[in-house]
Amino acid sequence: RDKAQWMIAITQYADRLLKDLDSVDYLEKIKTQQRNWIGRSEGVNITYPIHGLETTITVFTTRPDTNFGATFLVVAPDSEFVQKNFESFSDKVAAKMYRDTALKKTNEERLADGRKKSGVATGLFAINHFTQKKMPIYMSDFVIGTFGTGAVVGVPGHDVRDFEFAQAHGIVIVRVVVGPDGDVSPIKNVEQVQEKEGVMIHSDFLNGLDIHRATQVISDYLIEHGWGTREVNYKLRDWLFSRQRYWGEPIPLISCETCGWVPVSNEQLPVTLPDVEKFEPTDSGESPLAMMTDWVNTLCPTCGGSAKRETDTMPNWAGSSWYFLAYAMHTELNAQPADQLPTANYQLLQHWMPVDWYNGGMEHTTLHLLYSRFWNKFLFDRGHVPTSEPYTKRTRHGLILAEDGTKMSKSKGNVVNPDEMVELYGADAVRLFELFMGPFAEPVPWNVNGLIGMRRFLEKVIDVHATVQDTDQQETHEHLRSLHKTIKKVTEDIEAMRFNTAVSALMIFINDVKDSTP
């Protein structure tokens, strides 16, 4: 249902979150995840007239060079265009059924690879400025209403997604780019779709230009004729911060009929949760806190009049976005007078921040990393923390998968209980095998035979140690040489998180000692 929600304006930090990735030591895969989630794209908003209507439609495209090959438009079911022009659609019943079904899906479901490109015709047509041809407008769920203008122009000859949609709906496909293969034949197969390079054809004043040069030329042309504007878009959306549930930090805002929304005064922070009997939301979708009238009804911090507390709570991301700062400050929280806490905390943060090296799971290298970087930057701008970036270095560890390579899950019954493994083979063998299984940052399938082998290796270490002691063998030059090579290798590998090869070096060393011991 539609609800008024609190949002955090993370999009205002999108460019800084991108640019500052150049200043930190993150794995390139992690940087790529950050860039893809922010999803910055430069392009043009093109405005087309609608045939028979006194209205227009604006689409965002990163490939205006292919506009001579544009043959249709697609609008998102949740777009502003659909809301404003729904009554002009030719088949409102079919359109409503499709829209209602689409809006029940998540964005991830709508954008999933391999999905059939479904859609319904609106009965409206846009006019292509360059060809003067009428382009049918469809509504389809593969377009997201919150990205760009919520509408895209379809160029099926040079976009795989558009090609799939055109084939599914019998739309004409026009070639306007020749790729390196020199193919100029009609585009009938997806393999012929040229997306990333080539030279323009069938495009009037663009003919013969490389697609990148053509993009600049036609962008200038669109702007000069008043048909378009240059735009920068992001996949990143502002952060939905409201939750209609009991657990979570109460949002410290108060609604006053006279003053509007007013922040709770510093003296009354933190706002704590009251005890409740029912933890379910209300029938109208409000937080269970809404039923706690003694807690909700309060006084306005500004005018002193009657007011009500916000009853939504913060998401779990609120605390996890700054916990590393709390670690650095906690020793002073109860040892300083309240008015001296900000200074004492800042001095501690100057000593401890930024975090030198943050290693964590793969699941936290996108959103948690992005949110905590944003949170830290906001606090830096307010003068509360000493550095703009919270982490100097960011690495990740991979998942331990089931023996068949799938993710371990209780529902699948393929989870390995580490306690049982410790009982059977010993804690040292389990710990060492986890390091030896494969590259630390990659997912690796569990293999009980490998664990058995690690147990045998540790037994060999004990045997070699006992043998050397019993024989009172003197260290030879070769022993010392092998030892120092191993120390160097293990030291370097640990620093580089190549734990599997560090363990392998230890195995080689033990074998060398065993082979040379009488």
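Here, the structure is the one placed above.
Description of the structure in this document. (Residues numbered from 1 in each chain as written. Predicted model: local features only at pLDDT ≥ 70, side-chain atom pairs only at ≥ 80, totals over all residues. Heavy atoms only, no water.)

Reading across the sheet, the 3 strands line up as β2-β18-β17 and stay open at both edges, with parallel pairing between neighbours. Every other strand in the sheet has two partners, leaving β2 (25-26) and β17 (358-361) as the edge strands with one partner each. For β17 and strand β18 (residues 393-397), the ladder comprises 4 bridges, and the chain directions are parallel. The partner of glycine 361 across the bridge, within β18, is histidine 397. Lying on the sheet, helix α2 (residues 28-38) is in contact with β2 and β18; it crosses β18 at an angle near 100°. (Pairing = 2+ DSSP bridges. Helix = DSSP H or I, 4+ residues; strand = E, 2+ residues; numbered from the N terminus. Contact = heavy atoms within 4.5 Å. Axes fitted to C-alpha atoms, helices over the stretch in contact; angles between N-to-C directions.)

Strands sit in the order β6-β7-β5-β8 across an open sheet of 4 strands; the sheet is mixed. Each of the sheet's edge strands pairs with one partner strand only, and the pair in question is β6 (120-127) and β8 (151-154). Across the sheet, the mean angle separating the axes of adjacent strands is 25° when strand polarity is ignored. Relative to strand β7 (residues 134-139), strand β5 (residues 72-75) runs parallel, the two sharing 3 bridges. Looking across to β7, one finds that valine 74 is bridged to tyrosine 138.

Take the packing of helix α14 (residues 427-436) against helix α17 (residues 499-515) next. Relative to each other, α14 and α17 sit at 115°, their axes nearing to 7 Å. When α14 is examined against α17, the residues Leu432, Leu435 and Phe436 are found in contact with a partner set consisting of Phe499, Asn500, Val503, Ser504 and Met507. Class assignment for the residues of the contact of α14 with α17 results in 6 nonpolar, 2 polar and no charged. (Nonpolar A, V, L, I, M, F, W, Y, C, P; charged D, E, K, R; others polar.)

Taking 1.5 Å per residue, 14 residues should reach 20 Å; helix α7 (residues 211-224) reaches 20 Å between its end C-alpha atoms and fits that length. By the burial criterion, the buried members of α7 are Ile211, Ala214, Thr215, Ile218, Ser219 and Leu222. Looking straight down α7, one finds that the buried residues subtend no more than 135° of arc, so they occupy a single side. Exposed and oriented more than 90 degrees from the buried face of α7 are Arg213 and Glu224. Turning to α7, the residues buried within the fold contact β3 (41-49), β9 (177-178), β10 (199-200) and β11 (228-233). Between the side-chain oxygen of the N-cap and the backbone nitrogen of histidine 212 there are 2.9 Å, and the N-cap of α7 in question is aspartate 210. One or two positions beyond α7, positive phi appears at glycine 226, with a value near 75°. (Expected span 1.5 Å × (residues − 1). Buried < 20%, exposed > 50% of the residue type's maximum accessible area, 1.4 Å probe, protein only. Arc of directions from axis to C-beta. Polar contact = N/O pair within 3.5 Å; in protein donor to acceptor, adjacent residues only side chain to side chain.)

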